[in-house]
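What follows is the residue order along each chain.
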Amino acid sequence: MSKNLLIVESPAKAKTIEKYLGKDFKVKSSFGHIRDLDKGDKGINIEKDFEPKYVVSPDKRKVVKELKDAAKKVSEVWLATDEDREGEAISWHLCKVLGLDESQTKRIVFREITKPAIQKAVENPRLIDLNLVSAQQARRILDRLVGFELSETLWRKIKGKLSAGRVQSVAVKLIVEKEREIQKFEATPYFKVTALFQVDNGKGKMVELKAELKNRLETEGEARDFLEKCKGAIFNIKDISTKPLRRNPAPPFTTSTLQQEASRKLYFSVSRTMQVAQRLYEQGLITYMRTDSTSLSEMAIATIAKEIKSEYGDKYSKPRRFKSKSSNAQEAHEAIRPTYADRRSAGADRDQQRLYDLIWKRTVASQMSSAELEKTTVDIGISTIPGTTLEATGEVMKFDGFLKLYIESTDDDEQEEAKGILPPLKVGQELNLETLQAVQKFTRPPARYTEASLVKKLEELGIGRPSTYAPTITKIMEKDRGYVTKESREGVERAYQILTLKEDSISTESKTEITGSTSNRLYASDLGMLVTDFLDEHFGDIMNYKFTADIEEKLDEIASGEDDWRKMVGDFYGPFHEAIEETRENASRARGTRVLGEDPDSGHSVLVQMTRYGPAAQIGTKEEVGEEGKPRFANLRPGQSMETITFNEVMDLFKLPKEVGEYKGWTLEVNNGRYGPYVKYDGKFASLPKGMDPLEVTLEQAIEVVEQKEKEIAPIGSYKGEPITKGKGRFGPFLKYKDLYVNVPKKFDFDNITEAECHELIAAKIEKEANRYIKIWEDEKIAIENGRWGPFFRVKRKAVKIPKKDDKKMTAEELKELSLEDVKKLINEVDPTVLNSKKKKAKK
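Quick caveat: nothing in here was measured; it's all calculated off a predicted structure. (Residues numbered from 1 in each chain as written. Predicted model: local features only at pLDDT ≥ 70, side-chain atom pairs only at ≥ 80, totals over all residues. Heavy atoms only, no water.)

Right, let's talk about the pattern of salt bridges for a bit. Applying the stated criterion to the full structure yields 51 salt bridges. A salt bridge links aspartate 38 to lysine 53; its shortest N-O distance comes to 3.3 Å. Here the residue aspartate 38 occupies a position in the loop between strand E3 (35-37) and strand E4 (44-45), and lysine 53 occupies one in the loop between strand E5 (51-52) and strand E6 (54-56), the gap between them amounting to 15 residues. Of the charged contacts, one joins arginine 794 and glutamate 785 as a salt bridge, the two residues approaching to 3.1 Å between their closest N and O atoms. (Salt bridge = Lys/Arg side-chain N within 4 Å of Asp/Glu carboxyl O. Helix = DSSP H or I, 4+ residues; strand = E, 2+ residues; numbered from the N terminus.)

All right, on to helix H7 (residues 220-229) then. An α-helical segment advances 3.6 residues per turn. Residues three or four places apart therefore align on the same side. Taken as a whole, H7 has its buried residues at Ala223, Phe226 and Leu227. The buried residues of H7 occupy an angular sector of 95 degrees when projected down its axis, which confines them to one face. Those residues of H7 hidden inside the fold are in contact with strand E9 (189-200), strand E10 (206-213), strand E12 (371-382), strand E14 (430-442), strand E16 (492-502) and strand E17 (505-515). (Buried < 20%, exposed > 50% of the residue type's maximum accessible area, 1.4 Å probe, protein only. Arc of directions from axis to C-beta. Contact = heavy atoms within 4.5 Å.)

An order of E23-E24-E25-E26 is seen for the four strands of this open sheet, with the pairing classed as antiparallel. Whereas interior strands pair on both sides, the edge strands pair on one side only; in this sheet they are strand E23 (658-663) and strand E26 (684-687). Adjacent strand axes in the sheet meet at a mean angle of 30 degrees when their direction is disregarded. Sheet topology note: the strand E25 (residues 676-681)/E26 ladder contains four bridges and is antiparallel. Considered in E26, the bridge of lysine 680 is made with phenylalanine 685. (Pairing = 2+ DSSP bridges. Axes fitted to C-alpha atoms, helices over the stretch in contact; angles between N-to-C directions.)

Let us now look at the confidence of the model for the chain. In the predicted model, the chain carries a mean pLDDT of 89, and the fraction of residues at 70 or more is 96%. Low pLDDT, under 50, characterises residues 327-332; the stretch is placed with 28 contacts to residues that sit more than four places away or in other chains. Predicted confidence is poor over residues 838-844, with pLDDT under 50, and the contacts of this stretch with residues over four places away or in other chains come to four contacts. (pLDDT = per-residue confidence, 0-100.)

All right, on to the nonpolar core then. In this structure, Leu6 and Leu355 are the most contacted members of the largest nonpolar core, which totals 148 residues. Apart from the residues lying within four places of it in its own chain, the contact partners of leucine 6 are Ile17, Leu21, Phe25, Lys26, Val27, Lys28, Trp78, Ala80 and Ile108. Residues Leu213, Phe235, Ile382 and Leu390 belong to the second largest nonpolar core, which totals 29 residues. (Core = buried A, V, L, I, M, F, W, Y, C linked by side-chain atoms within 4.5 Å.)

This next bit is on the sheet that holds strand E29 (residues 732-737). Strand order in the open sheet made by the four strands is E27-E28-E29-E30, with antiparallel pairing throughout. Here the strands that pair on one side only, and so sit at the sheet edges, are strand E27 (717-719) and strand E30 (740-743). Strand after strand, the sheet turns through a mean of 40 degrees between neighbouring axes, direction not considered. Pairing analysis gives four bridges linking E29 to E30, with the strands arranged antiparallel. Paired with tyrosine 737 across the strands is leucine 740, a residue of E30.

We now examine unusual backbone geometry. Here the residue pair leucine 656 and proline 657 is connected by a cis peptide bond, since its omega of -5 degrees sits within 30 degrees of zero. Within the fold, proline 657 resides in the loop between helix H18 (647-653) and E23. Backbone geometry places tyrosine 267, a non-glycine residue, at a positive phi of 60 degrees. You can see tyrosine 267 is positioned in the loop between helix H8 (255-266) and helix H9 (270-282). Judged by its relative accessible area of 63%, tyrosine 267 is exposed. A positive phi angle is found at lysine 720, which is not glycine, with a value near 55 degrees.

Attention now moves to the side chain of serine 263. Position of serine 263 among the secondary structure elements: in helix H8. Those residues within four positions of serine 263 in sequence are excluded, and the remaining contacts are Phe268 and Ala452.

Glancing now at the pairing of strand E1 (residues 4-8). Across the five residues that make up E1, a large majority, five, are buried. Burial along E1 is two-sided: Asn4, Leu6 and Val8 and Leu5 and Ile7, pointing in opposite directions, are all buried. In this structure, E1 lies alongside strand E7 (residues 76-79), joined through four bridges in parallel fashion. For leucine 5, the partnering residue across the bridge sits in E7 and is valine 77. Where E1 meets strand E2 (residues 25-29), five bridges bridge the pair, whose relative direction is parallel. When the bridges of E2 are listed, valine 8 appears paired with serine 29. Where the polypeptide runs from E1 across helix H1 (residues 11-21) and back to E2, its parallel neighbour, the crossover connection is right-handed. (Right-handed = clockwise from strand over helix to strand, strands pointing away.)

Quick look at the side chain of glutamate 112 now. Among the structural elements, glutamate 112 can be located in the loop between strand E8 (106-107) and helix H4 (115-123). By relative accessible area, glutamate 112 is classed as buried at 14%. A polar contact is formed between the side chain of glutamate 112 and the side chain of threonine 114, at a distance of 3.0 Å. Dropping the residues within four chain positions of it, glutamate 112 is found in contact with Ala117, Ile118, Tyr281, Thr287, Arg337 and Thr339. (Polar contact = N/O pair within 3.5 Å; in protein donor to acceptor, adjacent residues only side chain to side chain.)

Bringing helix H19 (residues 699-713) into the picture now. An ideal rise of 1.5 Å per residue puts 21 Å on 15 residues; H19 measures up with 21 Å between its terminal C-alpha atoms. Buried within H19 we find Ala702, Ile703, Val705 and Val706. For H19, the buried positions fall inside an angular range of 160 degrees around the axis, keeping them on one side. Across H19 from its buried face, at more than 90 degrees, point the exposed residues Glu700, Glu704 and Lys711. (Expected span 1.5 Å × (residues − 1).)

Turning our eyes to something else, we now look at the pairing of E14. Of the pairings in the sheet, the one linking E9 to E14 comprises 10 bridges and is antiparallel in character. Across the sheet, the residue bridging to proline 189 is phenylalanine 442, located in E14. Looking at chain direction, strand E11 (residues 235-247) and E14 are connected through two bridges and run antiparallel. Paired with phenylalanine 235 across the bridge in E14 is leucine 431. Here four bridges tie E14 to E16, and the two strands are oriented antiparallel to one another. Looking at E16, one finds that alanine 438 is bridged to leucine 499.

The next subject is the packing of helix H15 (residues 545-559) against helix H16 (residues 565-586). For the pair H15 and H16, the least separation of the axes is 10 Å and the interaxial angle reads 165 degrees. With respect to each other, H15 and H16 are oriented roughly antiparallel. Regarding H15 and H16, the two cross each other, and that crossing is right-handed. Listed contacts from H16 to Phe547, Ile551, Lys554, Leu555 and Ile558 of H15 are Trp565, Met568 and Phe572. (Parallel < 35°, antiparallel > 145°, perpendicular 65-115°, else oblique. Left-handed = near helix turned anticlockwise from the far one by under 90°.)

Written as structure tokens, this is what we have:
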């Protein structure tokens with residue numbers, strides 16, 4: 001039997017470590033945090049100096065019991081949770097719950113899961129760092145106080161089910177401010193002049209030499225005037241200069257830079273990057289992935305140098321020691337790197353392999369020689385415009401260095417044009433002009449944030465820490481919040497002019513381009529803007545970037561033992577709570593109302609504002625229409641904003657729904673819905689294709705849409721005399737039989753699915769549904785259902801965990817015996833809001 005119990009955070013990590021420690025150690029997992037603040041009354045006793053009340057999470061009771069049982073069977077318990085504040089707090093909570101003496105219990109830390117690192121950690125245990133625990137507690141308590149009190153204020157002053165947070169609301173503000181920058185931006189046209197010359201390449205072949213006028217020309221008139229002056233001009237080379245360039249490799253990855261580069265190169269979301277990195281770390285393939293350090297250990301530098309010399313040669317090796325910008329006490333103190341530099345590829349699946357490859361290349365490249373280039377600049381004179389020159393540039397790679405392995409990406413929408421090698425040229429050489437073009441360009445608005453560039457901005461402002469970037473971004477993009485969406489939008493067509501001088505003749509050509517298209521960018525919604533404005537007006541400190549960064553610094557001071565967490569929380573909470581009470585008492589309800597004009601038919605106000613169902617256009621206020629009348633409402637179309645929509649665009653919304661004619665006895669009606677424009681017919685809905693304007697839809701187009709829909713939903717067979725149809729929904733392809741929707745797994749060829757396969761899927765679904773309910777009260781819309789992880793209560797669409805009875809799960813037989821009142825009582829024990837919200841709605 002093992003003498004020692006070592007507790008880690010994840011089961012995957014437990015498996016890897018147990019292999020290294022041998023029979024004297026049993027390694028078990030806590031599966032993350034085992035307890036959290038109680039949900040009742042914020043879980044904090046403010047009067048008792050912010051005393052937290054922690055409870056074991058319902059889903060961790062079984063884990064805690066197993067850990068307690070395991071602890072009784074060994075002579076010593078060791079704690080090996082992650083080396084950051086969250087990990088330190090988990091170890092502290094384990095001590096409290098398992099009854100361990102925190103002044104005696106051994107705590108080990110390591111930055112990589114390798115045999116030498118684990119054995120070294122066991123040889124050098126320490127105690128729990130209570131300063132790190134205090135910093136984590138302070139953050140958790142602050143976030144709970146701010147989140148609860150701000151959210152409750154938003155419910156009263158804007159609409160229900162809204163939420164806010166100390167860091168999340170500031171992150172939303174960044175996106176809102178960017179949105180407004182873009183809305184205010186006005187594109188300014190200008191002209192860029194480019195010349196193409198035909199030059200001998202020294203081998204008897206003519207090649208193109210491209211040169212540009214360095215300054216912009218502001219108007220078409222200036223551009224035309226410049227081309228006129230160039231008629232009959234002689235172009236010759238005035239000067240050729242060369243200078244060496246050196247490009248240095250980027251440092252190894254921190255959490256932030258890994259998230260940014262994985263977003264740019266692999267198109268991973270921030271949360272996906274961290275999940276994959278966690279798996280790699282747990283398998284012992286990379287070092288700890290939550291860090292803001294760029295330094296590498298001396299051993300790592302030596303092994304990487306050996307690998308570079310072996311793979312590329314001595315001249316490619318250049319050991320570098322990067323200094324970290326931050327030295328706070330929260331994070332591990334080494335960059336993210338492969339645990340073994342000679343392991344060129346690793347990972348259990350495609351995502352892990354790709355992320356490992358990125359980390360390996362970045363780490364190894366950071367220890368490689370600089371790239372050496374030579375830049376050549378050629379100034380070309382224009383005989384008819386003395387003092388004005390065109391410039392041609394080229395680059396020659398003298399030594400590729402780290403570029404042989406890795407090139408860092410950027411967030412810019414337009415990458416800089418690569419400069420090629422110039423043909424042989426000499427000063428005084430006369431050049432043969434092929435064409436001289438002035439192309440109209442437009443200034444570009446600021447780029448919207450991607451997940452990666454938002455992480456970069458948060459880091460620049462000092463908001464959050466490596467462990468908080470991913471949860472923050474995930475939180476603000478939750479659909480339930482409705483503040484921020486990640487979207488790809490199509491651009492709009494824009495005309496531009498091209499003036500061309502060729503053979504002393506100027507021609508004008510008009511072309512079009514698509515502008516404003518985006519891919520996976522973050523957009524602030526009308527609700528996000530309204531909530532941000534409200535919080536900015538009434539809680540200036542909370543929404544102030546510097547104030548939020550200062551809080552992070554104070555948490556760092558607590559982590560290093562320089563400040564007391566209760567005092568820091570008290571200093572913050574006093575003024576904050578005063579602002580809460582003042583706002584609840586005196587602030588007006590926020591709707592973001594914009595009056596755009598007057599309806600010509602009724603004379604009533606035309607406006608947009610936030611309603612309980614979201615942003616909407618409205619004709620007539622309650623005062624204008626009186627008790628007998630009713631204001632008219634219309635939903636905004638996808639992509640429209642309350643801040644930018646015009647009077648005419650709003651009036652167009654009220655032209656819908658519109659009837660376009662009849663087909664097969666069905667009235668065809670075009671309208672706009674939550675998921676975009678559609679044609680309604682015979683009680684069915686057919687979405688309009690992308691780009692089709694619902695206001696311009698003809699009868700012929702509507703019939704085409706309906707026919708396509710009918711083709712899609714036509715029966716593909718029958719089951720027990722009832723038709724089977726198929727379709728594609730939000731969750732993928734499905735079959736429909738009576739009122740049943742049956743998901744079609746990927747292993748089936750959906751486009752060519754056979755009737756026999758349909759029967760198999762439907763029969764399985766019917767059997768599953770028959771076993772779904774243990775007991776059901778249809779009138780109350782309450783049920784006891786069988787789920788994947790065991791039985792649970794269902795209240796309408798909400799799933800509620802079934803509490804244990806005498807610390808044991810209730811059996812199906814026991815659940816069958818429960819009355820409706822028993823079930824309601826148990827639901828209230830778990831979450832009092834589920835049934836209460838229902839009662840309030842009924843009363844209303």
